[in-house]
Structure formats: structure tokens, C-alpha cells
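So you can see what is in the structure, the chains are spelled out below.
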Amino acid sequence: MPDDLQDMGPIDYLCVEFPDGSLKGNAFPLLLDLVDRHIIRVLDIAFVRKNLDGTVTAMEGRDLDFEELGAFHGAASGMLGGDDLREAGEVLTAGSAAAILVYENTWAAPLAITLRRNGAQLVAGGRIPVQALLAALDETESAFVPAVSQLGGR
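What counts, and at which threshold
Residues numbered from 1 in each chain as written. Predicted model: local features only at pLDDT ≥ 70, side-chain atom pairs only at ≥ 80, totals over all residues. Heavy atoms only, no water. Core = buried A, V, L, I, M, F, W, Y, C linked by side-chain atoms within 4.5 Å. Buried < 20%, exposed > 50% of the residue type's maximum accessible area, 1.4 Å probe, protein only. Helix = DSSP H or I, 4+ residues; strand = E, 2+ residues; numbered from the N terminus. Phe/Tyr/Trp six-rings, centres within 6.5 Å; stacked < 30°, edge-to-face > 60°. Salt bridge = Lys/Arg side-chain N within 4 Å of Asp/Glu carboxyl O. Pairing = 2+ DSSP bridges. Arc of directions from axis to C-beta. Contact = heavy atoms within 4.5 Å. Axes fitted to C-alpha atoms, helices over the stretch in contact; angles between N-to-C directions.

Colleague: Describe the nonpolar core, listing the residues and the values that go with them.
Modeller: Residues Phe28, Leu31, Ile40, Val42, Ile45, Phe47 and Leu101 are the most contacted members of the largest nonpolar core, which totals 13 residues. Breaking this core down by element, the ones donating at least two residues are helix 2 (28-36), strand 2 (41-50) and strand 4 (97-104). Residue contributions to this core peak at four residues, all from strand 4. Formed by eleven residues, the second largest nonpolar core is a distinct cluster that contains Met8, Leu43, Val48 and Ala88.

What follows is the structure in C-alpha cells.
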């Protein structure tokens, strides 16, 4: 593995769906802030739209008319290709758009580099959506409340 790749933090990707009319651009300054603070480094960013007829089309950043997107001009590593955009389009709701982002977690680079140099390797990973976490906590709470009331009835 080339040294410059060996010295990178973990790489993640996101595909964020925006229902029709909700892609306003007000999250891009927050993304820029993460980049400016060296928390992440954007490696690739792409936009797709799923038309009402189900066809998926790539959107150009300049088509979106968001001033902040200019900061990501050239953030195209070549990692995201047509197959990725089509695959993202398959999970989108008709009429929506999506931003697909590939980024390095630069905040974790020192730990990742040390682990790799020690021979460690990542064997599993994942994300838990906040909605899933809240649902699990609600389920746990609802199961806990009857159990507690049964204890009080003894």
C-alpha cells in the first residue's frame, strides 16, 4: 500500500436523500466547517436525482446553485462512478435528490495509522441511524415500564 494511503484515516460514505424541494444548501456551511477544522476531508461528492418516472440522473454541482459547493470543486477522487450513482438512485424515492459523499475521518488518522502499523485491521464496522437508536430506546423503555409496575404490585 502506498505511504500516502497508509497515512489516511478511516474512509466513510454517506448517501443523504432530500425529498423534492428540501435540498436548500443550508447544511453545506456545516460540512465546510468540518473540513476547515480538519475533522474530515472530502474525497468525492456527487448528486443524483430520481425522476418521477424512476429514471436516475446525475446532477452537476453547478446545477444546484449553492455558493458553498464551489469549495468542493475538484473533490472528485474517481471513487464514485455511474454504478454507484445508479445504486444510490435505486433506494431513493421518486422525485427526490441525494448527495453522496466519500470522506476521510482525519480526526481518527493517528489512531488508524498506529493500528495499521501494528498489524491490526478493521474487520467490521457500521453506523446506527439516530432514528433506529431512538426506536430501540423507546422499545426498551416500554418493556421496562410494565416490569417495574409489576414489581411495585407485590
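Once you've had a look at it, read on.
Colleague: Requested: an account of the packing of aromatic side chains, with residues and values cited.
Modeller: Tallied over the full model, the rule gives one aromatic pair. For the pair Phe28 and Phe47, a centre-to-centre distance of 6.1 Å together with 70° between the ring planes defines the contact as edge-to-face. Pair noted here: Phe28 is in helix 2 and Phe47 is in strand 2, with a separation of 19 residues, a long-range link.

Colleague: Before we move on, could you go through the pattern of salt bridges and cite the residues and values that matter?
Modeller: Taken as a whole and judged by the stated rule, the model has five salt bridges. The shortest N-O distance in the salt bridge between Arg37 and Asp33 comes to 2.9 Å. Overall, the relative accessible area of 33% leaves Asp33 in the partly exposed class. In this structure, the salt-bridge partner of Arg86 is Asp83, at a minimum N-O distance of 2.5 Å. With Arg86 and Asp83 both in helix 3 (residues 82-91), this residue pair falls three residues apart, about one helical turn. Residue Arg86 is classed as partly exposed on the basis of its relative accessible area, which comes to 48%.

Colleague: Could you give an account of the pairing of strand 3 (residues 56-59), naming the residues involved and the relevant values?
Modeller: As paired elements, strand 2 and strand 3 share four bridges and run antiparallel to each other. Its bridge partner being in strand 3, Lys50 is matched across the sheet by Val56. The hairpin turn running from strand 2 into strand 3, its antiparallel successor, is five residues long, and Gly54 in that turn takes a positive phi close to 90°.

Colleague: Tell me about helix 3, and please be specific about residues and values.
Modeller: Among the residues of helix 3, Leu85, Ala88 and Gly89 are the ones counted as buried. Buried residues in helix 3, looked at end-on, bunch into an arc of 100°, giving them a common side. Within helix 3, the exposed residues directed more than 90 degrees away from the buried face are Asp83, Glu87, Glu90 and Val91. On its buried side, helix 3 packs onto strand 1 (11-18), strand 2, strand 3 and strand 4.

Colleague: Break down the sheet that holds strand 3 for me, citing the residues and quoting the values.
Modeller: The strand order across the open sheet built from four strands is 1-4-2-3, with neighbouring strands paired in antiparallel fashion. Across the chains shown, the open sheet's two edge strands, defined by having one partner strand only, are strand 1 and strand 3. Pairwise comparison of adjacent strand axes, ignoring direction, gives a mean angle of 25° for this sheet. Of the strands in this sheet, strand 1, strand 2, strand 3 and strand 4 are in contact with helix 3, which crosses strand 2 at around 55°.

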